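Here are the chains, one letter per residue:
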Amino acid sequence: MTSATDAAAPASATARDIIARYHDLATTQPDRVAVIDPRGTTTFAGLWQLAYQDAAHRRAEHLIASIPARPTVATLAAALGVWLTGGVPLPVPVTMRPKTLHDAMQLAGSTTHTCRPWRAHLHTEPSGRHIYLVGGEPPTAPRLGDAIGLTASGTALITAPLHAAAIFETAVRQLLAGGTVVLRDEFEPDDWLATAVETGADWAVLAAGQVIALIRHHEAIDGWLPVATRSLRRIVVPAAVPAVNTGYLAALTSHAGAAVTAWYHAPTYDGALSRPGRPPNLLTPLPGVHLRTVDPYGRPTPPGVAGLIEASTSCGVTCHRADQPCTPAGAWRTAGDVGTLDEDGNLTLRRLEPAKHYLDPNGDRVTVAALRVTLDAHPDITAHAIHVVPDEDGQRRARIHIWTQTTALTAAAVARHCTSRTTATSAAYITVTDTRTDAAATTAAPR
């Protein structure tokens, strides 16, 4: 077996941690099955050899390296090959247009990152597709894997696409724990149930559409669902809960032989889980994750009052757009979703799709698309993020975060620029960050 030290030294300490763990697994339990895909089985020793062969042919020219995400062992071996050469793997759909990927990669290559990034993912936003980097806490840490139910001796059945951020991370964490990953390229209810039985899987992940297909097919399979899923300890649905009709989740919970957990996995932070036996739309923050909801001024909203969901973590997790500076681990960040918190800190999601309009200070309706064009036109704005947040009266207001490289740009100056282009918004809702110093300044919110 080839030694880990023969490969190019990775730049990231987190990548070195991943490589050391994989190499240890390949050395101490070489014959244990790591991956089962449509082509057969691959041991940990075989996975390591495939990864090293990939690394030998890979040129380490850029931090981020794209990987066509097929449901085969080759995708996971390629990710390990990227880590071996000091890069960060970016799983992408095999149907991704080259120009779309090229534009996102060009934008991502303009910033230096200090957060020890270990994976990247594409996220679709109203302004286009952007690459996000995940660093901080290494995936060898057991916190997240333990929370979603992965086990060292277990087998995870994955039929959702590997280019999805939560799915790729799940597969990596399962392997790093020394468990087995079962990959399938298509979802068909009968085949999925048969695979669960044949492989003895004890954990499975289902995409939102797959939950619906499984329940719609439930009567046709005549009671096989509870029997076939009896060996599964947990079925995880890594989707924002309103994206799945709660009736389908409730039906899966009542018919499946396994506990069903909804996982709210936001693109910029670890999210929250539903607890087996409780309503699937009532979510509890993951260990180490702190949630709050805020109004357009950034002030925390009371329990039961809808606001922009923000999260921070005490575990060193950090995720941010690759063309923007790293976010400090303890800082509050948002994916733009709206929800409410109860007295016990449980989260209920209210709105997940980006709002298309907001109300200006005079109460007139303005489109987010027009505001985006306005901000793009300002020569001193290098990047921006727009989130539509309900105020105390439930009216939609635009909260804006600006990144710039000049101290001359203020929230008031941005507000004047917006007003001059008939896309007025309040300066009190604008945050301006100088990327050279990472210093943020806002107009003080009224008391």
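Higher on the page you've got the structure.
In this text the structure is predicted, and so the values were computed from the model without any measurement.

What counts, and where the lines are drawn
Residues numbered from 1 in each chain as written. Predicted model: local features only at pLDDT ≥ 70, side-chain atom pairs only at ≥ 80, totals over all residues. Heavy atoms only, no water. Pairing = 2+ DSSP bridges. Helix = DSSP H or I, 4+ residues; strand = E, 2+ residues; numbered from the N terminus. Axes fitted to C-alpha atoms, helices over the stretch in contact; angles between N-to-C directions. Contact = heavy atoms within 4.5 Å. Salt bridge = Lys/Arg side-chain N within 4 Å of Asp/Glu carboxyl O. Buried < 20%, exposed > 50% of the residue type's maximum accessible area, 1.4 Å probe, protein only. Patch = residues over 30% accessible without salt bridge, like charges linked within 9 Å, V, L, I, M, F, W, Y side chains within 5 Å. Areas by Shrake-Rupley, 256 points an atom, 1.4 Å probe, with all protein chains shown as cover. Lys, Arg positive; Asp, Glu negative; His and termini not counted. Charge placed at Lys NZ, Arg CZ, Asp CG, Glu CD. Parallel < 35°, antiparallel > 145°, perpendicular 65-115°, else oblique.

**Details of the sheet that holds strand β16 (residues 317-321)**
Then, number 1: If you trace the three strands from one edge of the open sheet to the other, you get β5-β6-β16, paired in antiparallel fashion. The sheet terminates laterally at β5 (119-125) and β16, the two strands that pair on one side only. Taking the axes of each pair of neighbouring strands and ignoring which way they run, one obtains an average angle of 30° across the sheet.
Then, number 2: Two strands pair when backbone bridges link them, and strand β6 (residues 128-136) and β16 are joined in this way by five bridges, in the antiparallel orientation. Counted as the bridge partner of Tyr132 is Arg321 from β16.
Then, number 3: This element, helix α4 (residues 98-108), spans β5, β6 and β16 of the sheet and lies at about 50° to β6.

**Considerations on the pattern of salt bridges**
Then, number 1: This model, assessed by the stated rule, comprises twelve salt bridges.
Then, number 2: Notably, a salt bridge pairs Glu169 with Arg119, separated by 2.5 Å at the nearest N-O pair. In this pair, Glu169 sits in helix α6 (residues 165-176) while Arg119 sits in strand β5, placing the two residues 50 residues apart along the sequence.
Then, number 3: Residue Arg299 is joined to Asp295 by a salt bridge in which the shortest nitrogen-to-oxygen separation is 2.8 Å.
Then, number 4: On the basis of relative accessibility, which here comes to 29%, the residue Arg299 falls in the partly exposed class.

**Observations concerning a negative patch on the surface**
Then, number 1: Where like charges cluster on the molecular surface, the negative patch consists of Asp185, Glu186, Glu188, Asp190, Asp191 and Glu198.
Then, number 2: With respect to the helices, strands and loops of the structure, Glu188 is situated in the loop between β8 (180-183) and α7 (189-199).
Then, number 3: Residue classification places Glu188 among the partly exposed positions, given a relative accessible area of 34%.

**Digging into the packing of helix α1 (residues 13-28) against α6**
Then, number 1: Contact geometry of α1 with α6 gives a least axis separation of 10 Å together with a crossing angle of 50°. With respect to their mutual orientation, α1 and α6 come out oblique. The residues of α6 that touch α1, namely those facing Ile18, Arg21, Tyr22 and Leu25, are Val172, Leu175 and Leu176.

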